[in-house]
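# Commentary on secondary and tertiary structure
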Amino acid sequence: MAKINPILGDLRGKLAGNVFSKNSAAAYVRQKVTPVNPNTAKQQSSRSKFGTNSQAWRGLTTDQRNSFNSNAPLYPHFNVFGVSAPLTGQQLFMSLNNNLKAANASTITLCQPPAAIPAATATGFVSARTGGTKLIQLIATTASYSVIVQATAPYSAGRKAAKNQFRQITIKSGVAVAADLDLSTVYQNAFGYATNQLPIGSAVDCRIIGVNLTTGQYSVITSFTAIIGA
């Protein structure tokens, strides 16, 4: 499905094998196809998450729903064209609670105004067969924040990036002081590579995301790339 910026008015319906429509985010066009449902584990997880959040939304009180509806304009959301596409209260509820679920945190049922949230930062990401796989000097946080760590399998350093290949490998909750975070064990659990098995000359991407456990906000994503050394 592709979002479009229509110049011919509000297009709806089918034309030449394409379907034109519009949702709360933007106008879009998609190819008219018969849906295929491989029912992968990832799809099942997404559907389960969506169903759980939808049911939780229906269980909120009127005041709780109103807290998301009234705060939704305060949480900016833009489509791929950079055009403002505000979320509904229900969409905000699901978005913030998806963030919290990724951090293994509790669901929020009352929306708070957005708060300043520092980006999770590190002084560097090193990866070598002899030096281990570490995220160095993780930012000091408090019990109100968690840090999600994602990484990719090793890939050819000639590629620009390993898009859509990130996998969540660990969560650091309530870090009170900055400290080295050794990722060797969790990386091997996720990808099957022990530190001394990483192909020399390949690249590994890592990114870290802070989560405000009170509001459900994500921080700016901080990314690192390491070339595997001997």
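As a reminder, the structure under discussion sits directly above these lines.
The structure reproduced in this document is the subject of the present report. (Residues numbered from 1 in each chain as written. Predicted model: local features only at pLDDT ≥ 70, side-chain atom pairs only at ≥ 80, totals over all residues. Heavy atoms only, no water.)

### Concerning the overall build of the protein
On a plain count of helices and strands, the protein comes out with four helices and 11 strands. A total of 230 residues make up the protein; the buried ones form 37% of that total. Counted over contacts in the protein with a minimum sequence separation of 6, partners at least 24 positions apart contribute 63%. Here the protein displays about 13100 Å² of accessible surface, and carbon together with sulfur accounts for 53% of that area. (Helix = DSSP H or I, 4+ residues; strand = E, 2+ residues; numbered from the N terminus. Buried < 20%, exposed > 50% of the residue type's maximum accessible area, 1.4 Å probe, protein only. Contact = heavy atoms within 4.5 Å. Areas by Shrake-Rupley, 256 points an atom, 1.4 Å probe, with all protein chains shown as cover.)

### Here we look at a nonpolar patch on the surface
Taken together, the side chains of V80, F81 and V83 define a hydrophobic patch exposed on the protein surface, amounting to about 280 Å² of accessible area. Take V80: it is sitting in the loop between α2 (62–71) and α3 (89–102). Assessed through its relative accessible area of 67%, V80 is described here as exposed. (Patch = residues over 30% accessible without salt bridge, like charges linked within 9 Å, V, L, I, M, F, W, Y side chains within 5 Å. Salt bridge = Lys/Arg side-chain N within 4 Å of Asp/Glu carboxyl O.)

### Here we look at the packing of aromatic side chains
What the rule picks out here adds up to four aromatic pairs. Measuring from ring centre to ring centre gives 6.2 Å for W57 and F68, while their planes differ by 75 degrees; the resulting arrangement is edge-to-face. A residue pair is termed long-range when its members are at least 10 positions apart, and W57 in helix α1 (residues 41–58) and F68 in helix α2 qualify at 11 residues. Relative accessible area serves as the criterion here: at 10%, W57 is assigned to the buried category. Seen from their ring centres, W57 and F93 are 5.6 Å apart, and the 55 degrees between their planes marks the pair as tilted. Highlighted residues: W57 in helix α1 and F93 in helix α3, separated in sequence by 36 residues. Among the aromatic side chains, those forming a connected cluster through ring pairs are W57, F68 and F93. (Phe/Tyr/Trp six-rings, centres within 6.5 Å; stacked < 30°, edge-to-face > 60°.)

### Concerning the packing of α2 against α3
Each packed pair of helices is defined by two parameters, the angle between the axes and the distance between the axes. Between α2 and α3, whose axes approach to 8 Å, the crossing angle comes to 95 degrees. Taken as axis vectors, α2 and α3 run roughly perpendicular relative to one another. Contact with α2, carried on its side by F68, N69 and N71, involves G89, Q90, L92, F93 and L96 of α3 and no other residues of that element. Considered class by class, the residues forming the contact of α2 with α3 number four nonpolar, four polar and no charged. (Axes fitted to C-alpha atoms, helices over the stretch in contact; angles between N-to-C directions. Parallel < 35°, antiparallel > 145°, perpendicular 65-115°, else oblique. Nonpolar A, V, L, I, M, F, W, Y, C, P; charged D, E, K, R; others polar.)

### Here's the deal with the environment of S84
For S84, the location among the structural elements is in the loop between α2 and α3. We classify S84 as partly exposed; its relative accessible area is 48%. The residues touching S84, leaving out its near neighbours within four places in the chain, are H77 and F78.

### Points about α3
Over its 14 residues, α3 extends 20 Å from the first C-alpha to the last, a length consistent with the 20 Å expected when each residue adds 1.5 Å. Restricting attention to buried positions, one finds in α3 the residues G89, L92, F93, M94, L96, N97, N99, L100 and A102. Following α3 by one or two positions, N104 has its phi on the positive side, about 55 degrees. (Expected span 1.5 Å × (residues − 1).)

By themselves these figures say nothing about function.
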